[in-house]
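# Architecture and fold: a report
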Amino acid sequence: MDKKVLITGGAGFIGSHLIRLFVNKYPNYAIFNLDKLTYAGNLENLKDVENKSNYKFIKGDINDAQFVNELFLEHQFDSVIHLAAESHVDRSITDPLAFIYTNIIGTVNLLNAAKDIWNSKYEGKKFYHISTDEVYGSLAEDGFFLETTSYDPQSPYSASKASSDHFVRAYGNTYGIPVVVSNCSNNYGPNQFPEKLIPLIIHNILHNKSLPIYGDGKYTRDWLWVKDHAMAIDTIFHQGKIGETYNIGGFNEWKNIDIVLLICKLLDEKLGNPSGTSAQLITYVIDRPGHDRRYAIDASKLKNELNWTPSITFEEGIEQTISWYLDNQQWLDNVTSGDYLQYYQQQYQTK
Ligand code: NAD
Ligand code: TYD
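Now for a description of the structure that goes with this document. Chains are numbered independently. Their residues run from 1 in the order of the written sequence. Chains and ligands are labelled sequentially in the order written, the chains with letters from A and the ligands with numbers from 1. Totals for whole chains, interfaces and linings use all residues, but because this is a predicted model, local features are given only for residues with pLDDT of at least 70 and pairs of side-chain atoms are given and counted only at 80 or more. With hydrogens and water set aside, each side-chain value is computed from the structure's full complement of heavy atoms.

## Observations concerning the site of ligand 2
Definition in use: Consider each residue's heavy atoms; a residue with any of them within 4 Å of a molecule or strand counts as near. Definition of a polar contact: a pair of N or O atoms within 3.5 Å, with one able to donate and the other able to accept a hydrogen when the atoms are protein atoms, and with sequence-neighbouring residues admitted only if both atoms are side-chain atoms. Working definition: helices are DSSP H or I runs of at least four residues, strands are E runs of at least two. Numbering for both runs from the N terminus. For this classification, Asp, Glu, Lys and Arg are treated as charged, while Ala, Val, Leu, Ile, Met, Phe, Trp, Tyr, Cys and Pro are nonpolar and the rest, including Gly, are polar.
Taken together, 19 residues lie around ligand 2, and Glu134, Arg221, Arg288, His291 and Tyr348 are the ones closest in. Interatomic distance of 2.9 Å between a backbone N/O atom of Leu197 and an oxygen atom of ligand 2. Between ligand 2 and the protein, one listed contact pairs an oxygen atom with a side-chain N or O atom of Asn256 at 2.9 Å. Those elements that place two or more of their residues in the shell around ligand 2 are helix 3 (89-94), helix 6 (197-206) and strand 8 (211-214). Element by element, the count of residues in the shell around ligand 2 is highest for strand 8, at 3 residues. Each residue belonging to the shell around ligand 2 can be placed in one class, and the counts come to 9 nonpolar, 4 polar and 6 charged.

## A closer look at the packing of helix 1 (residues 13-25) against helix 7 (residues 226-239)
We apply this condition: Fitting a line to C-alpha atoms yields each axis, with helices limited to the stretch in contact; the angle taken between N-to-C directions then spans 0 to 180 degrees. Between 65 and 115 degrees an angle is taken as roughly perpendicular, under 35 as roughly parallel, over 145 as roughly antiparallel, and anywhere else as oblique. Helix crossings fall into two classes, left-handed where the near helix is turned counterclockwise from the far one by less than a right angle and right-handed where it is turned clockwise. Note on definitions: a residue-residue contact is assigned when non-hydrogen atoms from the two residues lie within 4.5 Å.
For the pair helix 1 and helix 7, interaxial distance at closest approach is 9 Å and the crossing angle is 55°. Taken together, helix 1 and helix 7 sit at an angle that is classed as oblique. As for how helix 1 packs across helix 7, the hand of that crossing is right-handed. Between helix 1, through Phe13, Ile14, His17, Leu18, Leu21, Phe22 and Lys25, and helix 7, the contact on the second element is made entirely by Val226, Lys227, His229, Ala230, Met231, Ile233, Asp234, Phe237 and His238.

## Brief notes about helix 12 (residues 339-348)
To be explicit about the condition: Buried residues are those whose accessible area, probed at 1.4 Å on protein chains only, stays under 20% of the maximum for their type, while exposed residues exceed 50% and partly exposed ones sit between those limits. Regarding the arc, it is the one traced by the directions from the helix axis to the C-beta atoms.
Within the sequence span of helix 12, burial applies to Tyr340, Tyr343, Tyr344, Gln347 and Tyr348. Seen along its axis, helix 12 keeps its buried residues to an arc of 100°; they face one direction. Across from the buried face of helix 12, at angles greater than 90 degrees, the exposed residues are Leu341, Gln345 and Gln346. Residues of helix 12 that are buried sit in contact with helix 3, helix 6, strand 8 and helix 11 (329-335).

## Let's talk about the packing of aromatic side chains
Cut-off, in case you're wondering: We call Phe, Tyr and Trp rings a pair once their centres come within 6.5 Å, taking the six-membered ring for Trp, and we label the pair stacked below 30 degrees between planes, edge-to-face above 60, and tilted otherwise. In our convention, an over-ring charge means Lys NZ or Arg CZ found within 6 Å of a ring centre and within 35 degrees of that ring's normal.
In this structure the tally under the stated criterion is 22 aromatic pairs. Summarising the aromatic geometry, the rings of Phe193 and Tyr340 are spaced 5.7 Å apart at their centres and angled 70° between planes, so their arrangement reads as edge-to-face. With Phe193 in the loop between strand 7 (186-188) and helix 6 and Tyr340 in helix 12, this pair connects stretches of sequence that are 147 residues apart. You'll find Phe193 and Tyr340 in the same group, each marked buried. Ring-pair connections join several aromatic residues into one group, and the members of that group are Tyr39, Phe193, Tyr214, Tyr340, Tyr343, Tyr344 and Tyr348. Lying across the ring of Tyr344, Lys209 places its NZ or CZ 4.0 Å from the centre. Seen from the ring of Phe144, Arg294 lies directly overhead, with NZ or CZ sitting 5.7 Å from the centre.

Set out below in structure tokens:
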């Protein structure tokens, strides 16, 4: 095997697309997927690769330092692509500590294990941290996040990711660990847990439930097709310069209400419903506390230096996403039973 790559959070949304890409594209890499299988982790996402000889799943918690150290000792990974995290802003508002444990302490546990095992012999080693554009805070009507934009996180989620980014860079600076960080905009696509806007809207339309729009609905996000994020990670992992940061974005800004209206229109067409049927479910609800107004990434560094651009348009991606959820309603039903119902009731009860 050419490389032993540890991917954390590989049973989640983005991680599962990345695992699939790596397992299929790099038969000479040994790919290890370390995941705790929280509510967001789902091995169903990886059915098609689970028996591949270059893939191994390990169930475990990055918050458990002893377990992480023993795992590194046993497998002697030479690269880490770290995605495992608590990832939903609304949950970070109700339970910030869970984000501090996994996103900050979990990341430091992995850094410590890599530092100890690599023991200053860094040839061929890499620690790649997958982060978010939310660390930069909120934009007004104009402007974009650059790699040089100052950090200004506004939610417990983004504060925890900002902190973990700082630790990754600090370990690079202090101990010489070869680190790379990328900060990506909002992803969408198959296998996203339906607590996030796009799958939540699709799920609720399919179940004739109201479509909750926070505040005035004019909050803006820059949406990227999840498989394009996975391909950007592949590019940065192989060609990115050590110590650098790369912003990843879709060049694709949408106001929330416009995206919701588009999904309503496309689902009405696909389900054969009269135009306007789904849009009747739109319900304006109390805003998220501290809601960031606008995110927009300038991804020109990645484009100019590493030649990455998104492979499909948003119109193609959203069409494929809706089709995937329609074709995989059993997946949706499975992940929205149990804990999800309790979460949904708590999150939307007062709104
Ligand atoms: P997700 O919530 O779908 O998946 C997270 C995965 O991490 C799950 O499989 C979960 O079981 C696992 N996990 C959580 N806590 C763990 C722990 N303590 N130990 C081991 N595994 C644990 O998240 P996602 O949307 O796929 O995001 C993946 C990464 O990308 C995160 O670091 C997130 O901050 C970052 N990111 C996400 C987006 C986005 O739009 N979703 C955008 C930019 C960056
Ligand atoms: P989300 O998918 O939670 O991603 P993030 O907060 O990380 O950007 O939310 C995307 C946008 O949609 C954000 O502005 C909040 C808004 N939103 C709603 O209006 N209603 C909802 O029920 C949810 C979950 C999000």
